[in-house]
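Structural description and commentary
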Amino acid sequence: MQVKGKDISAFIILSALLITLGVWLVLARGKIAQPFGMDPHAWGSAHAVTIARSFIQRGFGSRGIPIQNNLPPGNDPDWYVHWPPLYYLLLAAWLRVFGRTEAAARVSALLISLAEAAALGLVANAVAGRRAAIVAATALLCLPVFFSYSMLVTGLNLGVAWMLLALWGFLRASENHEIQRGYKRAGIISLVLGILCSWEPLLLCPALLAAAMLQRNRVRLRLALAMFLTGLGTVIGVLAYYVSMVPRMRADLLGTIMYRAGFGYQSQSNIPLHALADQAWYQHDVVSWQRILQCLSSRATALGQMGLFCVLACLVAVLWPDLRRHKAAIAVLSIAAVVFLLWLPNYQMSVAPLAEFVVLPCLLLLLWPRLAQSKRALEMVAILAAPYLLWWVLMANHAIIHDYELMLFAPAAALSIAIVLTSGAAMIDDYFMRGWRGFGYLVLLTALIASLYSARNVSPDPYLQRNEAAYGEAIRAATPADAIVLSPSPSMVPLYYSERHIIRLVADDSAVDRVLPEVQRDFPGAPIYVAVPAVQLQSWGSGTPGLTAPKSAFRRTLAHCKPAAAPAQVQLVRCQ
């Protein structure tokens, strides 16, 4: 097929998207059937699938409230009221049809990630045109953090996809200086569905309110206010339902909110047995400025070199609209960025990022005539970045612990890349000779696609071990189906593979003594085991009291309880 000269840019852009999809799916294929525990933050995947499996097993018996454990439920089930329920219900329906396997769960996450890229394309098309939309979708797929967490089984990815659709509905509903009712309903419904999957989409609403006030757009202000009130009502309604159905979880819910906001976990006396694990877990990793700086360093790496450069370029373009008259400010900002990155703890400064910051002022000055035409798109970058920034402000401890939350920022980074790449291709057309824009797209998009390989350099999740799946399978092989197992592991991976009811973070003999009477009361007549991993737990929490558990911590329990036959991965004793 012969492509006309004027269509060469569109042909290259569309080809880049198709090539990216092909490379992306080929790289993802090898990860689909891997056991949980082999990929970053697999704890979250095992957690989500365990909750979905509990919905399948209990049906309406759970009253729509997530339960994060296996049968038997006991007198006081392991309720999980920290996140909304819709994603787990949808995942349960998917697994009921396609099978309760790692592959089926990851395929669902893969499809959600592709839907998120398409939703970003709709938003980019509304503010920057069709070519920028295709480049934005391609850029999102190429971001190292997006590829690394594209198959993470979590409600965040689906929540972000609904958030982008809500933003698209907002833009379409208010584009003609009067509210279009159909798009308004679509935007509000998408926002509610996103919040029912994950809380983060609510944070889009303050950004829309602020943008509408700065633009003095009364139509958008009314629409943003309606969306914010509806979203806030949704959050309050879900939490009120949780507390009304499970009153005993009120204290645990409050303590968790305080901890994730960075204030530390407030120990409660009257909380259910399973929430004791939260007390042990939440005593650590309290937010500090040093940890924030370390996390910003790792997050910058996960955006990739091109992603970080484009985000900074758009940031400078927003802060200094009349760029050519502020050369000194640009130089100062670039030097400050280099100093900041050099000062960050544990940041390995290489020649490549240093070169980017040296070249940044020159490139911005060249790009400015084209960036100036992207004011609407730059405003959208700020709106898309706001939820992640607000999440850091409101839930700093959670943002520090869970680096997958950077997925909330990924659409803003991808749109930044689209703005800079399309402006760069147009700059090539301006400064060389007309007709070279297609060549510019070819060079820039090739560099973008090549960044997919840097996804392999994203650090693995430090909270997991490769042997956790084997530890869980060993428990399943050595215990009856109605067994209650006390385990020192904090992870959900053994819980998922064991298919047994596990009380987590029982870290030593004193913890066994404290928990055992409550377990006997909640599970009368059930066989109770203590399962100690054959290898000392040594991933996260190394040196942290209560979060590592060598066999010596269970010396008395192992000596006084009845030994049980078990595979080599676990030392098992029966306490009742």
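Residues numbered from 1 in each chain as written. Predicted model: local features only at pLDDT ≥ 70, side-chain atom pairs only at ≥ 80, totals over all residues. Heavy atoms only, no water.

A closer look at the sheet that holds strand β2 (residues 501-503)
Within the open sheet, the five strands sit side by side as β2-β1-β3-β5-β4. Their pairing is mixed. Looking at the sheet topology across the chains shown, the edges are occupied by β2 and β4 (562-564). In this sheet, neighbouring strand axes are inclined to one another by 35° on average, regardless of whether the strands run parallel or antiparallel. Relative to β2, strand β1 (residues 484-486) runs parallel, the two sharing three bridges. By the bridge assignment, L486 is partnered in β2 with I503. (Pairing = 2+ DSSP bridges. Helix = DSSP H or I, 4+ residues; strand = E, 2+ residues; numbered from the N terminus. Axes fitted to C-alpha atoms, helices over the stretch in contact; angles between N-to-C directions.)

Observations regarding the side chain of T50
Along the chain, T50 turns up in helix α2 (residues 42-58). Residues contacting T50, with those up to four places away along its chain left out, are I67, Q68, N69, N70, M492, L495 and Y496. (Contact = heavy atoms within 4.5 Å.)

Digging into the pattern of salt bridges
Inspection of the entire model under this criterion finds five salt bridges. Notably, a salt bridge pairs D76 with R248, separated by 2.6 Å at the nearest N-O pair. With D76 in the loop between α2 and α3 (86-98) and R248 in the loop between α10 (218-245) and α11 (250-260), this residue pair connects regions lying 172 residues apart in the sequence. Note that E175 and R172 form a salt bridge whose closest N and O atoms lie 3.0 Å from each other. The class of E175 is partly exposed, set by a relative accessible area of 36%. On the basis of relative accessibility, which here comes to 23%, the residue R172 falls in the partly exposed class. (Salt bridge = Lys/Arg side-chain N within 4 Å of Asp/Glu carboxyl O. Buried < 20%, exposed > 50% of the residue type's maximum accessible area, 1.4 Å probe, protein only.)

Description of α2
Look at α2: 24 Å from first C-alpha to last across 17 residues, which is about the 24 Å you get at 1.5 Å a residue. α2 sits mainly inside the fold: 16 of its 17 residues count as buried. G59, located one to two residues past α2, shows a positive phi value of around 60°. (Expected span 1.5 Å × (residues − 1).)

A few points about the side chain of S150
Structurally, the position occupied by S150 is in the loop between α6 (144-148) and α7 (155-173). Residue class for S150 comes out buried when judged on its relative accessible area of 0%. The residues contacting S150, other than those within four sequence positions of it, are W24, A109, L110, S113 and N157.

Topic: the packing of aromatic side chains
Centre distance and the angle of the planes are the two values used to describe a pair of aromatic rings. A complete count under the given rule lists nine aromatic pairs for this structure. Seen in terms of ring centroids, W94 and F98 are 4.3 Å apart; in terms of plane orientation they differ by 35°. Their pairing is tilted. With W94 and F98 both in helix α3 and four residues apart, this pair spans about one turn of that helix. Residue classification places W94 among the partly exposed positions, given a relative accessible area of 24%. (Phe/Tyr/Trp six-rings, centres within 6.5 Å; stacked < 30°, edge-to-face > 60°.)

Digging into helix α9 (residues 204-215)
For α9, which comprises twelve residues, the first-to-last C-alpha distance of 17 Å matches the rise-based estimate of 16 Å (1.5 Å per residue) to within 8%. After α9 finishes, the residue R216 shows a positive phi value of roughly 55°.

Considering the pairing of strand β3 (residues 528-533)
Among the six residues that make up β3, six are buried, leaving the element largely enclosed by the rest of the structure. Of the pairings in the sheet, the one linking β1 to β3 comprises three bridges and is parallel in character. From the neighbouring strand, L486 faces β3, where its bridge partner is V530.

Section: the confidence of the model for the chain
Residues of the chain with pLDDT of at least 70 account for 76%, and the chain-wide mean is 80. Throughout residues 1-5 the model reports pLDDT below 50, and contacts reaching past four residues in sequence, or to other chains, amount to three contacts. Here residues 537-547 is modelled with pLDDT under 50, and outside its nearest four sequence neighbours on either side it reaches 27 contacts, counting other chains as well. (pLDDT = per-residue confidence, 0-100.)

Points about the environment of N75
You can see N75 is positioned in the loop between α2 and α3. By relative accessible area, which is 56% here, N75 ends up exposed. The sequence separation of N75 and R521 amounts to 446 residues, and the corresponding C-alpha distance is 8.2 Å. Residue contacts for N75: discarding those within four places in its chain leaves R521, D522 and P524. Among the polar contacts listed, one links the side chain of N75 to the backbone oxygen of R521, at a separation of 3.1 Å. (Polar contact = N/O pair within 3.5 Å; in protein donor to acceptor, adjacent residues only side chain to side chain.)

So, the environment of E473
Secondary-structure assignment places E473 in helix α21 (residues 468-478). By relative accessible area, E473 is classed as partly exposed at 36%. Separated by 94 residues in sequence, E473 and P567 have C-alpha atoms that sit 9.1 Å apart.

Some details on the packing of helix α1 (residues 8-29) against helix α5 (residues 130-142)
Where α1 contacts α5, the axes come no closer than 10 Å and their chain directions differ by 25°. Relative to α5, the element α1 lies roughly parallel. Here α1 and α5 pass one another in a crossing that is left-handed. On α5, the residues that touch S9, A10, I13, L14, A16, L17, T20, L21 and W24 of α1 are R131, I134, V135, A137, T138, L141 and C142. Its residues placed into classes, the contact of α1 with α5 shows twelve nonpolar, three polar and one charged. (Parallel < 35°, antiparallel > 145°, perpendicular 65-115°, else oblique. Left-handed = near helix turned anticlockwise from the far one by under 90°. Nonpolar A, V, L, I, M, F, W, Y, C, P; charged D, E, K, R; others polar.)

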